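Okay, here's what each chain looks like letter by letter:
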Amino acid sequence: MLRITDLHANAGDKPILKGLTLNVNGGEVHAIMGPNGSGKSTLAHVLAGRPGYTVTGGEVLYKSSPLFDLAPEVRAREGVFLAYQYPVELPGVSNLYFLRSALNAIRKHRGEPDIDAIDFLAIAKEKAKLVDMDEALVKRNVNEGFSGGEKKRNEIFQMAVLEPSLAILDETDSGLDIDALRTVARGVNKLRSEDRAMIVVTHYQRLLEYIVPDFVHVLIDGKIALSGGKELALELESKGYEWLEKEPAGAH
Amino acid sequence: MSAVIAPFSQIASAVKTWSGPAWLTDARNAAIDRFVSAGLPTTRLETWRTTPLPDLGSSALFPGFASTANKAKAVVAPFTASDVVTLVFVDGFHSVTLSSSEASWPKGVRLAPMSRLLAVKPEEIRPWFVGADDAPGAMHDLNTAAFRDGASIVVEDGVQVQVEVRLIVVATSIEQPIAQHIRNLVHVGRGSSLRLMVAVIGGPGALGFTNDHTEISMAERAHLDLIRVHESPVGVPHFDVLRATLGAHSVLNDTLLQTGPSWTRSEIDIVLNGERATVDLGGVFLARGTQISDIHTVVSHEAPGVTSRQNYRGLAADEARGVFHGQIKVEAEARGADATQNNKNMLLSKRAQVHSTPALEILTDDVKCKHGSATGQIDQGQLFYLRSRGLGLDEATRILTRAFAGEILSRVSAADTRSLVESQISPSLDGLGVAA
């Protein structure tokens, strides 16, 4: 699904990713953990194609093709989805209209016919249940006046509608209380499937109690410093990240 | 340097030959004399500093003639419906065949095309011209001198008009450039209410100039919802005036959709001279190509407890120029006045520009007054969010510009009317692109 090899990238002029290598197969959930500033969010943004980041080296193959050859919208149509840490408010743009346009752009890319407003409403209602999202929110303007938890829920709702192949969840747990976290995680878990890969970026182990990953990677200073199974997250919870930062990468 | 009136010289001499009651002839002659001596407005005038008149061509603009209505039929069609009353003006003159039949006109409303009133009952409109304050400016004078048609609407006291009245001003002449001068006079009686649309539109390839002037007087507790669509074709520059005086406790809502491709300037002059009168103004202008789209407002607060709201938005693309000039005047007697003005503009290219100027003149301390103006590029974070969901740059831009204009469109509460104006301005909104 995704093969990242020796990726180097800058945020603005500042080198952030310094040789990151990671393989993600369909059906797998990979957690990326690490201290602030280690490059977790940069990785998420670079994969989505956000302006302001420059790839300076390495290669990313997505479904065996170079990802960086594709414009951000084409990546999305090919099945790449970023759940934002800070979802953007779109005043005056209704959630339903926005999502139906997005879904139809993806369908058009695949050579499938448009879905009309009535059929889409039925899909949206069904998907909203996955994240316990109020129908009123589904019809409101995108994220406008939403609470932090509602915004995150809306991201997962969008993911449910758009059915990506590769979902990148950027700090989806930040700003959520425990109940909202459980709801969002339940929604994500329902979307796990054999042909869908997920990269879950998080600072804390807490989210991984609910979205149990197949692999955990620790990102330190722009590189994977340590990889392991789900138990690694618990170890990090008790020991923190400092012991990894003090030792030179490659010592493990 | 002598004043320039060139494209209007034929009209200026024609005006002197028109017959009519003495009071009107006097008013027309005085106006045309002022126009000829002042000349067309130039950028040397403070209020025209950023809005040069378009090139009107060296050939004379014709004063208009009763044209065949055929060419206008298709452009007018979307505005007609069984539950609205339309008065249609084609190339400066009322069209009986395209307008609603008189049998369908609402009760309690005296509705008449100005051409007919001038011919048979000119006394009806005399109060608007005798002893009234003259609006300042050459273009206003030109309208007073040269108008031949328009609508007279008098809503009698205590009448809630259930149907929407639509005045449709259509330019169709392709062969000869025609200057159409339209004067609409609207009175809303005590405790009465009316919903009125004024649309200035045209056929493809039309040539000329439209000078449309609507005057409104509102009695005590009158209520008027006004929706104005400015979609003049590119070959027909459009100058527009709305003047309204508001009596005690009256309410005027005006929504202006200035989205057409032609050079357009709208002047809005509101006088709140009745206690606790309220005006709520909102509008959007859209400029692309090398177009100028200009909205000038003056809101005068002249009585205690009056309220004004202004919310204007502008979109400028390509090398176009948008202008918003909003003046708030609060007189000493307007104790407790409450005035707000907001102008937000979005620039879609580096060479597009918007001149936004608030002007405040406040002569009392007992006033609440807020104003704000912001002009910026399209939001890159929003644009990327849309693209990251699969929407192409063009569609993402379209969604954001529509949302930006949509706040103004949402002021139109009647669903049928909103979907009509939405479909009318859609091609204009969709034609905007983002450029570096």
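Everything that follows concerns the structure shown earlier in this document.
No experiment lies behind these values; they were computed from the predicted model shown.

1. Quick look at the overall build of chain A
Here's step 1: In terms of regular secondary structure, chain A is built from ten helices and twelve strands.
Here's step 2: By the compact-globule yardstick of 18 Å for 252 residues, chain A fits well, its C-alpha radius of gyration being 18 Å.
Here's step 3: Structurally, chain A occupies a C-alpha span of about 60 × 40 × 35 Å along its principal axes.
Here's step 4: Sorting the 252 residues of chain A into buried and exposed places 53% on the buried side.
Here's step 5: Intrachain contacts of chain A at a sequence separation of at least 6 include 69% that bridge at least 24 residues.
Here's step 6: A total of about 10,900 Å² of accessible surface is found on chain A, and carbon and sulfur atoms cover 48% of it.
Here's step 7: One finds the centroid of the 30 positive side-chain charges in chain A at a distance of 2 Å from the centroid of its 36 negative side-chain charges.

2. A word on the packing of aromatic side chains
Here's step 1: This structure, assessed with the given rule, holds nine aromatic pairs over all chains.
Here's step 2: An angle of 20 degrees between the planes, with centres 5.9 Å apart, marks the rings of Phe98 of chain A and Tyr385 of chain B as stacked. Of this pair, Phe98 of chain A sits in helix α3 (residues 95-109) while Tyr385 of chain B is found in helix α7 (residues 380-387), placing the two residues in two different chains. With respect to burial, Phe98 of chain A and Tyr385 of chain B carry one shared label: buried.
Here's step 3: Through a chain of ring-to-ring contacts, the aromatic side chains of Tyr84 and Phe98 of chain A together with Tyr385 of chain B assemble into a single cluster.

3. Focus on the sheet that holds strand β11 (residues 251-258) of chain B
Residue and element names in this part refer to chain B.
Here's step 1: Read from one edge to the other, the open sheet built from ten strands follows the order β2-β1-β5-β7-β9-β11-β13-β15-β17-β19, with strand pairing classed as mixed. A strand with exactly one partner marks an edge of an open sheet, and here the two such strands are β2 (93-94) and β19 (367-377).
Here's step 2: The pairing of strand β15 (residues 307-316) with strand β17 (residues 337-347) spans ten bridges and is parallel. Each residue of the ladder has a partner; that of Thr307, found in β17, is Asp338.
Here's step 3: Together, β11, β13 (278-287), β15 and β17 form the strand contacts of helix α8 (residues 393-409), whose direction differs from that of β15 by roughly 160 degrees.
Here's step 4: Set on the sheet, helix α9 (residues 415-430) makes contact with β5 (164-171), β7 (193-202), β9 (223-230), β11, β13 and β15; between it and β7 the angle comes to about 25 degrees.

4. Topic: the sheet that holds strand β1 (residues 2-11) of chain A
Residues and elements named next belong to chain A.
Here's step 1: Ordered by their spatial adjacency, four strands build an open sheet running β2-β1-β4-β5, and the pairing between neighbours is antiparallel. One side of each edge strand has no neighbouring strand; the edge strands of this open sheet are β2 (14-24) and β5 (65-66).
Here's step 2: Of the strand pairs in this sheet, β1 and β2 are connected by eight bridges, and their pairing is antiparallel. When the bridges of β2 are listed, Asn10 appears paired with Pro15.
Here's step 3: Along the sheet, helix α1 (residues 40-48) contacts β1, β2 and β4 (53-62); its crossing angle with β1, the most-contacted strand, is approximately 105 degrees.

5. Focus: the interface of chain A and chain B
Here's step 1: Across the contact, 32 residues belong to chain A and 17 residues belong to chain B.
Here's step 2: Taken together, the two surfaces of chain A and chain B that pack against each other cover about 1,800 Å², and 63% of this comes from carbon and sulfur.
Here's step 3: Counting every contact that joins chain A to chain B gives two salt bridges.
Here's step 4: For Glu73 of chain A, the salt bridge is made with Arg387 of chain B, and the minimal N-O distance between the two is 2.8 Å.
Here's step 5: Of the residues contributing to the side of chain A that touches chain B, the split by class is 22 nonpolar, five polar and five charged.

6. Focus: the pairing of strand β16 (residues 321-330) of chain B
Sheet faces and side chains relate simply in a regular strand, where the side chains alternate between the two faces.
Residues and elements named next belong to chain B.
Here's step 1: Across the ten residues that make up β16, a large majority, seven, are buried.
Here's step 2: Bridge count between strand β14 (residues 292-301) and β16: ten bridges; the pairing is parallel. If you follow Ser293 over to β16, its bridge partner there is Gly322.
Here's step 3: The sheet contact formed by β16 and strand β18 (residues 353-362) spans ten bridges and is parallel. Paired with Phe324 across the two strands is Ser356, which belongs to β18.

7. Brief notes about unusual backbone geometry
Here's step 1: Even without glycine at this site, Asp6 of chain A takes up a positive phi of about 50 degrees.
Here's step 2: You can call Asp6 of chain A partly exposed: its relative accessible area is 40%.
Here's step 3: Positive phi values are uncommon outside glycine, yet Asp91 of chain B reaches one of about 50 degrees.
Here's step 4: Relative to the helices and strands, Asp91 of chain B is located in the loop between β1 (84-90) and β2.
Here's step 5: Assessed through its relative accessible area of 3%, Asp91 of chain B is described here as buried.

Rules behind the numbers
Residues numbered from 1 in each chain as written. Chains lettered and ligands numbered in written order. Predicted model: local features only at pLDDT ≥ 70, side-chain atom pairs only at ≥ 80, totals over all residues. Heavy atoms only, no water. Helix = DSSP H or I, 4+ residues; strand = E, 2+ residues; numbered from the N terminus. Rg over C-alpha atoms; globule rule 2.2 N^0.38 Å. Buried < 20%, exposed > 50% of the residue type's maximum accessible area, 1.4 Å probe, protein only. Contact = heavy atoms within 4.5 Å. Areas by Shrake-Rupley, 256 points an atom, 1.4 Å probe, with all protein chains shown as cover. Lys, Arg positive; Asp, Glu negative; His and termini not counted. Charge placed at Lys NZ, Arg CZ, Asp CG, Glu CD. Phe/Tyr/Trp six-rings, centres within 6.5 Å; stacked < 30°, edge-to-face > 60°. Pairing = 2+ DSSP bridges. Axes fitted to C-alpha atoms, helices over the stretch in contact; angles between N-to-C directions. Buried area = accessible area lost by both parts, 1.4 Å probe. Salt bridge = Lys/Arg side-chain N within 4 Å of Asp/Glu carboxyl O. Nonpolar A, V, L, I, M, F, W, Y, C, P; charged D, E, K, R; others polar.

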